[in-house]
Amino acid sequence: MRTARLRGAHPVLWAGWAALAAGAVLCVIGWYGISGERYAERQLPYLASCTVPGAALIIAGAVLLTHGRNASATARVEELYGLLVAAGAADAEEPGPPAAVPVGAGGDLLMVPGGTLYHRADCPLVAGKPEAVPADSRVLASGDLGPCPICEPGAEEAPSAGPGDSAGPGD
């Protein structure tokens, strides 16, 4: 799979290098021709036939090299994505205990020992991690752990105030 995608970029890279080399040769020939002529009207044919096309080939070669390298990088990213998708599908087909089931149940808050955040049980950052343990209420009360910005475990506890307890702008 990899060689088929990357072979498409190689001709573009080779064409870029060839255009750069041809442009450099034309510029050298043009410079050599111009340097041998004393009058400007005799230098113009060398300028028009060698130096200007040589500079255009150098620019075209640089563009081709840039495009070829981008195509090569894109092919590598697509290959890695394909490998990740294939690995995810292979993991999903393996029998055994489900790896993505959170350790805690329902509304339990979880923490990872040594971590700085507490999470809901369904948070993707702790889902399937065997080291995730229920968060201790003393640690939560001390403020050593902050709420996870992904699952926002404090969001469901915040609106627990009654309907008459809403604070208005004048309060």
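Each remark here, short or long, concerns the structure printed above.
Points about the overall build of the protein chain
Okay, so step 1: Per the secondary structure count, the protein chain includes 4 helices and 4 strands.
Okay, so step 2: Going from the N terminus to the C terminus, the protein chain shows its helices and strands as α-α-α-β-β-β-α-β.
Okay, so step 3: Just so you have it, the protein chain exposes about 11,800 Å², and 65% of that area is on carbon and sulfur atoms.

Observations concerning the sheet that holds strand 1 (residues 109-111)
Okay, so step 1: The strand order 3-1-2-4 describes an open sheet built from 4 strands, whose pairing is mixed. Looking along the sheet, the strands with just one partner apiece sit at the ends: strand 3 (133-134) and strand 4 (146-147).
Okay, so step 2: Direction of pairing for strand 1 relative to strand 3: antiparallel, over a ladder of 2 bridges. Paired with Leu-110 across the two strands is Pro-134, which belongs to strand 3.

Quick look at the nonpolar core
Okay, so step 1: Judged by nonpolar contacts, Leu-110, Ala-121, Cys-123, Val-126, Ala-132, Cys-148 and Cys-151 together constitute the single largest core of 7 residues.
Okay, so step 2: Not counting residues within four places of it along the chain, the set of residues in contact with Cys-123 comprises Cys-148 and Cys-151.
Okay, so step 3: Among the nonpolar cores identified, the runner-up in size contains 5 residues, and Met-111, Tyr-118, Ala-135 and Leu-145 belong to it.

Brief notes about the pattern of salt bridges
Okay, so step 1: In total, this model carries 2 salt bridges according to the counting rule given.
Okay, so step 2: The closest approach of N and O atoms between Glu-37 and Arg-42, which form a salt bridge, is 3.8 Å.
Okay, so step 3: With relative accessibility at 52%, the residue Arg-42 sits in the exposed group.
Okay, so step 4: Note that Asp-122 and Arg-120 form a salt bridge whose closest N and O atoms lie 3.0 Å from each other.
Okay, so step 5: By relative accessible area, which is 26% here, Arg-120 ends up partly exposed.

Some words on the state of the cysteines
Okay, so step 1: If you walk through the whole model with that rule in mind, you get 0 disulfides.
Okay, so step 2: Its sulfur unpaired, Cys-27 is 8.8 Å from the next cysteine sulfur, which belongs to Cys-50.
Okay, so step 3: The cysteine Cys-123 is free of any disulfide, with Cys-151 supplying the nearest cysteine sulfur at 3.6 Å.

Here's the deal with the pairing of strand 2 (residues 117-120)
Okay, so step 1: Here strand 1 pairs with strand 2 via 3 bridges, running antiparallel. In the strand pairing of strand 2, Leu-109 is matched with Arg-120.
Okay, so step 2: Hairpin geometry of strand 1 and strand 2 is characterised by an intervening segment of 5 residues between the two adjacent antiparallel strands and by a positive phi of about 90° at Gly-114.
Okay, so step 3: In the sheet, strand 2 pairs with strand 4 via 2 bridges, with the strands oriented parallel. What sits directly across from Tyr-118, in strand 4, is Pro-147.

Criteria and cut-off values
- Residues numbered from 1 in each chain as written.
- Predicted model: local features only at pLDDT ≥ 70, side-chain atom pairs only at ≥ 80, totals over all residues.
- Heavy atoms only, no water.
- Helix = DSSP H or I, 4+ residues; strand = E, 2+ residues; numbered from the N terminus.
- Areas by Shrake-Rupley, 256 points an atom, 1.4 Å probe, with all protein chains shown as cover.
- Pairing = 2+ DSSP bridges.
- Core = buried A, V, L, I, M, F, W, Y, C linked by side-chain atoms within 4.5 Å.
- Buried < 20%, exposed > 50% of the residue type's maximum accessible area, 1.4 Å probe, protein only.
- Contact = heavy atoms within 4.5 Å.
- Salt bridge = Lys/Arg side-chain N within 4 Å of Asp/Glu carboxyl O.
- Disulfide = S-S within 2.5 Å.

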